[in-house]
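Remarks on the overall topology
Now for the letters of each chain:
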Amino acid sequence: MFKEIDHIGICVANIEDSIKQYTEQLGFTMAARESLDKQGITLAFLSLKGETTVELLGSLRDDSVVAKHLSKRGPGLHHICYRVENISSELIRLEKLGYRLIDKTSRPGAAGSKIAFLHPQSFGGVLVELCQRV
Ligand code: ZN
C-alpha cells in the first residue's frame, strides 16, 4: 500500500530560473541536486520544512524524456511520487491487480532510493512513481 506522497515532479523549461523562483520567492530550500547524464536530465529536489518536496526536472539534451515532455505538453506536472515500504512487493501486488507497470523492477533513484514508474493509463492519466527510501 502507498504510505504518503514523497514528492511531486514538475517539468521546467529553465531549471536555474525555477530553482531561484522556488527558493527566493516561495520559501523552499534545496534538498538535493542531481544530473543523470545517461538520461540527459537534471533534477532539483526542493523542500518545505523537510516535509513537502517538489522535484524540478530540467532537460540537458533535445532527446531526453523531459525535452519530449516540454515539446509535447509544455512545462508542468510530470508525475506524483508515492512512498512505499517495499517497492518490490508493491510492484508485484499492483501488477497482479492489473496495473500497467513501466518498470517491472525497481531502479536506483536519487539519494540511494529505489524507484519505479507506473503507467498513466492505470491512474487516470497521471504518471505515478513509487519510491522506497533507505
Ligand atoms: Zn520523481
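Please refer to the structure placed before this passage.
**Observations concerning the coordination of the zinc ion**
In ideal tetrahedral geometry, four donors around a metal make angles of 109.5 degrees, whereas ideal octahedral geometry with six donors gives angles of 90 or 180 degrees. Taken together, H7 (NE2), E55 (OE), H79 (NE2) and E129 (OE) make up the full set of protein donors to the zinc ion, lying 2.0 to 2.1 Å away. Seen from the zinc ion, its 4 donor atoms lie at angles of 87 to 175 degrees, and the figure they make is irregular. Within one chain, the residues donating to the zinc ion are spaced in sequence as H-x47-E-x23-H-x49-E. A residue pair is termed long-range when its members are at least 10 positions apart, and H79 in strand β5 (residues 76-84) and E129 in strand β8 (residues 128-132) qualify at 50 residues. Relative accessible area serves as the criterion here: at 1%, H79 is assigned to the buried category.

**Topic: the packing of aromatic side chains**
The tally for this structure, following the rule as stated, stands at 3 aromatic pairs. Here the aromatic rings of Y22 and F28 are separated by 5.1 Å at their centres, their planes lie at 70 degrees, and the arrangement is edge-to-face. Ring geometry for Y99 against F123: centres 5.3 Å apart, planes inclined by 40 degrees, an arrangement best described as tilted. Of this pair, Y99 sits in the loop between α3 (87-96) and β6 (107-108) while F123 sits in the loop between β7 (114-118) and β8; the two residues are 24 residues apart in sequence, bridging distant segments of the chain. On the basis of relative accessible area, Y99 is assigned to the partly exposed category, the value being 29%.

**Looking at the nonpolar core**
With 10 residues, the main nonpolar core is built from I10, V12, I15, I19, Y22, F28, A44, L46, V54 and L56. Elements that contribute at least two residues to this core include exactly α1 (15-25), β3 (41-48) and β4 (52-59). Ranked by residues supplied to this core, first place goes to α1 with 3 residues. In this structure, I87, L91, L101 and V128 belong to the second largest nonpolar core, which totals 9 residues.

**Some points on the sheet that holds β6**
The strand order β2-β3-β4-β1-β5-β8-β7-β6 describes an open sheet built from 8 strands, whose pairing is mixed. In the strand order of this sheet, the two ends are held by β2 (29-36) and β6, each with one partner. Where β6 meets β7, 2 bridges bridge the pair, whose relative direction is antiparallel. Its bridge partner being in β7, P108 is matched across the sheet by K114. In this fold α1 packs onto β1 (2-11), β2, β3 and β4, with an angle of close to 160 degrees to the strand it touches most, β4.

**Quick notes on the pairing of β5**
When β1 meets β5, the two strands line up antiparallel, connected through 8 bridges. Within β5, the position partnered with I10 by the bridge is L77.

The rules behind the values
Residues numbered from 1 in each chain as written. Predicted model: local features only at pLDDT ≥ 70, side-chain atom pairs only at ≥ 80, totals over all residues. Heavy atoms only, no water. Donors = N, O, S within 2.8 Å, 3.2 Å for Na, K, Ca; no water. Tetrahedral: all angles 85-135°; square planar, octahedral: opposite > 155°, others 65-115°. Helix = DSSP H or I, 4+ residues; strand = E, 2+ residues; numbered from the N terminus. Buried < 20%, exposed > 50% of the residue type's maximum accessible area, 1.4 Å probe, protein only. Phe/Tyr/Trp six-rings, centres within 6.5 Å; stacked < 30°, edge-to-face > 60°. Core = buried A, V, L, I, M, F, W, Y, C linked by side-chain atoms within 4.5 Å. Pairing = 2+ DSSP bridges. Contact = heavy atoms within 4.5 Å. Axes fitted to C-alpha atoms, helices over the stretch in contact; angles between N-to-C directions.

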